[in-house]
Amino acid sequence: MTTIRIIFRSLMHYRLYSAINILGLALSLTCVVIISRYVYSELTTDRFNSKLDRMYLSTGEASVIQGEVRFEGISNPNNETSFVDLSADPAVEKHSQFYKFDNSEVSLDEHKYGADVLVADTLFLQITDFPILSGTKNFTRPEDVFITEAFAKKIFGKENPVGKTLDYPAINKQMTIAGVIGKPVNKSIISFDLLLSSQITHSWAKMPQSLILLHPNVDYRAINSKYSEFMDMSRWKYSIRYQLIPYKKVYFEDRIVDYVGYAHSKFIYVVILSGVGFLLLLIGTLNYINIYTIVALRRSKEFGMKKVFGAEGYKVFLQLVLENLSVIVLSLGIAFWLAGALNTFVTNAFGFEQFPNLRFDILLALVLTLALPAVTSITPLLRYRYLTPIKSLKSVSGGNKSLLSRQMFLAFQFFITMTLIAVSLLFVRQLDYMLGADLGYRTHNIIEVPFFKANEDVSFAVTTSRGERKNKEKRKEQIVDELTQKLNASPLVHRWIRGDRPILKSSSGFDFKTPDGEFKSCTLIGADENWLNFFEVQLLEGRSWDNDTDNTFTYNLIVGESTLKQFGITDYREATLEPARRLWYVSGRDEEMKTNPPYRIVGVINDLYVTHLSQKQPPLAMYFGRGGGDDPVFISFAPENKAAVLEFVKNLHEELIGGEFSYSFIEDELKAIYREDEKIARIYSVFTVIAIFISILGLFGISLFDIRQRRKEIAIRKINGASTKDIMLMLVKKYLALLGVSFALSVPVAWYAIDRYLENFAFRTQVSWWLFAVALALTAAVSLITLIYQVYTASNKNPTETVNSEQ
């Protein structure tokens, strides 16, 4: 109890310094807790699967496009005799096949709901560990379907969905809900609203994906080596091989082409955020040590008296540790409370989806609670262990060594702060550069509306009669006609087309042979004359498409300007591009695979940037293709009519289609590509502001102590005629020197960090000198404001009263 009273008394006696310490440390630890939780969530993706270390996905690589590896299920649809089934290897314990259909549609009592549908066999739920909250544990009938808890609340509210039915028009089937799947305790690369049994119909309109479970202690690399040879697929006239990739590596995998829609992230973002968290912890800890050292200096007489009366070193150390422990525990409690209170805000503002984990929180709290008091108690302990009682009793100034250590700590805080500012400015500038870049096509004031869902692409075995299918096709034609009439008649619509958007295209597409005999993958876009005019694509040479004379089978191409360079073409008029892939030609019952003839280049357009600008843009080739089928509708409009156009399109959708209305603006789709970049820039900026604030708290505490130590000197100088300006320059110049040293050190470090971040960007902004100048100016401005306020307050006190009070 005596020790507790001593600790409480010391905290209250130096309450200003204690408040600064608690506030700075609590802010620092709050950021550390938030970042640590997010990093933990990223690194533990799919850890809810107890067999994760034995789970694998299959990838496929075709010989005609070697180097392009994509997620692809192991299958032999044509019963090729050369096919060697990796999934039948004795090392494989289970093999599940599944299909993913995003943006599908189900209905309940004539109400339509958009849904992401996953189709799988019974082995899927045996391999994975998605939590089943109620109902059966697996498929027992072909019409069984599992619904996620979130989707069930959306459709059924608080009612128990088990046993209720849903209609799936894509396969013309009614499904019965067999169970409810809860939210996993970790992130998952596979997300869905409904999990269907693959037995509900016998044919699906996609190639399957393969989920492999190996027996324990099997090295997947040995399996990959065993099946590394390409298999000749004679029917398709190319070779293919399948390999395995660990399921736990898919989340951070960006080299494999993903047509499935798995969740992905970049590991570099985890590294960046971990670095930011460490720097914030370092700033908070240094700030705490600096302030606590000041408090210890002011208590030097107290510790000197303890030595005179024979206090043992371990007791002094115990008191220091307990004092620090009390402050750190209080700060840590505030940090966890703030992190919890800000969880929703952080998730919405930064996209920090955190999965609560009590064990991790306890471990983090224990590490910080045990480590920080030991670190923060060392400096004052060493000082008073080797300082004689006479020196302790004589003065609290601490001497030149103590002053130098405080200045070094403060300079290091300035160094970290200026580095963070420069890097955060670079993040913002690079993001603005990418968002503001000229992509070669129009992106502003365009709305995209998917009037027709892609339900027809779910299954080849929809059990409807030929008459029903004809009626459905006729009804769709009627809707298209009505849609065309209403869009053409509306004064709000400037232009409109049906087709594909130019952004979010995969970097791989169609492959053409280069002059040296290798195949290079191109982004292939289908477009017609209206598409080029709608997106305002600039024709540089040759001719554009002519809707009256061109068609898909004229084998003509319009290519981007850089495509000519990448294929070594000097005169496009005499050049052809030989394709690597084949097309199906169907004539009655005869199906034959033929090689496409060489494509002739008829026009050259400005380059269209269709993927993330950090990536090297692939060659662009454009074939003639009219929009239709399930392609979305694009509508351009005047900016002042944005709200009116949205209301018009919404009413049109309700009148012609019904069900859930979805839309997007091309500008928003473009921003979505850079969502992760924007998140990092925003996070870095906010944490940089916090770092500045913590550093200023430290500067405030140190300058307050220094000025109080020199009150008598300031008063004497005032009496001898020194002006406030003279005193201000005398006290501020050493801090300006610290800023200068910190700036000189921060420039090369920040430059190196920026260069490493941008080294893989194909399109990167220039690193300008003003990034570092702004970092210096901002740090200096807030620091000088803090210093000038305190110096001004001290220099304007009555010097006579100050001198008398010091007697």
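Calculation notes
- Residues numbered from 1 in each chain as written.
- Predicted model: local features only at pLDDT ≥ 70, side-chain atom pairs only at ≥ 80, totals over all residues.
- Heavy atoms only, no water.
- Core = buried A, V, L, I, M, F, W, Y, C linked by side-chain atoms within 4.5 Å.
- Buried < 20%, exposed > 50% of the residue type's maximum accessible area, 1.4 Å probe, protein only.
- Helix = DSSP H or I, 4+ residues; strand = E, 2+ residues; numbered from the N terminus.
- Contact = heavy atoms within 4.5 Å.
- Salt bridge = Lys/Arg side-chain N within 4 Å of Asp/Glu carboxyl O.
- Patch = residues over 30% accessible without salt bridge, like charges linked within 9 Å, V, L, I, M, F, W, Y side chains within 5 Å.
- Areas by Shrake-Rupley, 256 points an atom, 1.4 Å probe, with all protein chains shown as cover.
- Axes fitted to C-alpha atoms, helices over the stretch in contact; angles between N-to-C directions.
- Left-handed = near helix turned anticlockwise from the far one by under 90°.
- Nonpolar A, V, L, I, M, F, W, Y, C, P; charged D, E, K, R; others polar.
- Phe/Tyr/Trp six-rings, centres within 6.5 Å; stacked < 30°, edge-to-face > 60°.
- Lys NZ or Arg CZ within 6 Å of the ring centre and 35° of its normal.
- Expected span 1.5 Å × (residues − 1).
- Pairing = 2+ DSSP bridges.

Participant: So what's going on with the nonpolar core? Residues and values would help.
Facilitator: Counting 108 residues, the largest nonpolar core has F427, W531, F535 and M622 as the members making the most contacts within it. In terms of residue count, helix α12 (residues 399–435) provides more of this core than any other element does, 14 residues in total. Sequence-distant contacts of F535, that is, excluding residues within four places in its chain, are made with Y441, R442, I446, I497, D500, P502 and F634. Grouped together as the second largest cluster of nonpolar side chains are 30 residues, L57, I245, Y247 and Y251 included.

Participant: Summarise the pattern of salt bridges; cite the residues concerned and give the values.
Facilitator: Considering all chains together, one arrives at 22 salt bridges under this definition. As a salt-bridge pair, E42 and K187 come within 2.1 Å of each other at their nearest N and O atoms. You can see E42 sitting in helix α2 (residues 15–43) and its partner K187 sitting in the loop between β8 (173–181) and β9 (194–197), a full 145 residues away along the chain. Overall, the relative accessible area of 11% leaves K187 in the buried class. A salt bridge links R756 to E759; the nearest nitrogen and oxygen atoms lie 3.3 Å apart.

Participant: Now, about the environment of K650: what can you tell me, with residues and values included?
Facilitator: Within the secondary structure layout, K650 lies in helix α16 (residues 642–656). A relative accessible area of 44% places K650 in the partly exposed class. Residues K650 and V449, spaced 201 residues apart in sequence, show a C-alpha to C-alpha distance of 9.2 Å.

Participant: Before we move on, could you go through a nonpolar patch on the surface and cite the residues and values that matter?
Facilitator: Side chains of L43, F267, I268 and V271 sit close together on the surface and give an oily, nonpolar patch of about 350 Å² of accessible area. When residues in the nonpolar patch are grouped by element, the largest group, 3 residues, is from helix α6 (residues 267–298). Residue V271 is classed as partly exposed on the basis of its relative accessible area of 42%.

Participant: Residues and numbers for the packing of helix α19 (residues 711–719) against helix α20 (residues 724–758), please.
Facilitator: Remark: α19 packs on α20, axes separated minimally by 10 Å, with the N-to-C direction vectors making an angle of 145°. For the element pair α19 and α20, the recorded crossing hand is right-handed. Residues E713, I714, R717 and K718 of α19 pack against T724, I727, M730 and L731 of α20. For the contact of α19 with α20, the residue count by class is 4 nonpolar, 1 polar and 3 charged.

Participant: Describe unusual backbone geometry, and please don't skip the residues or the numbers.
Facilitator: One non-glycine residue, N103, lies in positive phi territory at about 60°. Along the polypeptide, N103 turns up in strand β3 (residues 92–108).

Participant: Could you give an account of the packing of aromatic side chains, with specific residues and numbers?
Facilitator: Taken as a whole and assessed by the stated rule, the structure comprises 27 aromatic pairs. Judged by centre distance (6.0 Å) and plane angle (35°), the ring pair of F101 and W204 falls under tilted. With F101 in strand β3 and W204 in the loop between β9 and β10 (209–214), this pair connects stretches of sequence that are 103 residues apart. For W204, a relative accessible area of 8% gives the class buried. On the basis of an interplanar angle of 70° and a centroid distance of 5.7 Å, the ring pair of F535 and F634 is categorised as edge-to-face. Residue F535 is located in the loop between α14 (529–534) and β17 (539–542), and its partner F634 is located in strand β24 (residues 633–636); the two are separated by 99 residues in the primary sequence. Grouping residues by exposure puts F535 and F634 together as buried. Cluster of aromatic residues (ring-pair linked, three or more members): F48, F98, F124, F130 and F192. Lying across the ring of F665, K642 places its NZ or CZ 4.5 Å from the centre.

Participant: Would you mind going over α16 in detail, with residue names and values included?
Facilitator: Its 15 residues place the ends of α16 21 Å apart at the C-alpha level, agreeing with the 21 Å of an ideal helix rising 1.5 Å per residue. G658 sits one or two positions beyond α16 and adopts a positive phi of about 80°.

Participant: Any details on the environment of L280? Residues and values, ideally.
Facilitator: Looking at the element boundaries, L280 is found in helix α6. Judged by its relative accessible area of 0%, L280 is buried. Taking the C-alpha atoms as reference points, L280 and I416, separated by 136 residues in sequence, lie 8.8 Å from one another. In this view, L280 contacts S28, C31, I35, F687 and A691; residues no more than four positions away in its chain are not counted.

Participant: Please set out the pairing of strand β18 (residues 556–560) residue by residue, giving values where relevant.
Facilitator: In terms of residue burial, β18 counts as a mostly covered element, since 5 of its 5 residues are buried. Note: β18 against strand β22 (residues 599–605), 5 bridges, orientation parallel. Looking at β22, one finds that I558 is bridged to G603. Pairing of β18 with strand β23 (residues 620–624) involves 2 bridges; the strand directions are antiparallel. When the bridges of β23 are listed, V559 appears paired with A621.

Participant: Tell me about the pairing of strand β13 (residues 446–449), residues and numbers included.
Facilitator: A regular strand places its side chains so that they alternate between the two faces of the sheet. Every second residue of β13 is oriented toward a common face, with I446 and E448 on one face and I447 and V449 on the other, all of them buried. Inspection of the sheet shows β13 paired to β24 by 4 bridges, in the antiparallel sense. Residue pairing for β24: I446 is matched across the bridge by S636. Inspection of the sheet shows β13 paired to strand β25 (residues 664–665) by 2 bridges, in the antiparallel sense.

Participant: Outline the sheet that holds β25, supporting the account with residue identities and numerical values.
Facilitator: The strand order across the open sheet formed by 4 strands is β14-β24-β13-β25, and the pairing between neighbours is antiparallel. Every other strand in the sheet has two partners, leaving β14 (495–498) and β25 as the edge strands with one partner each.

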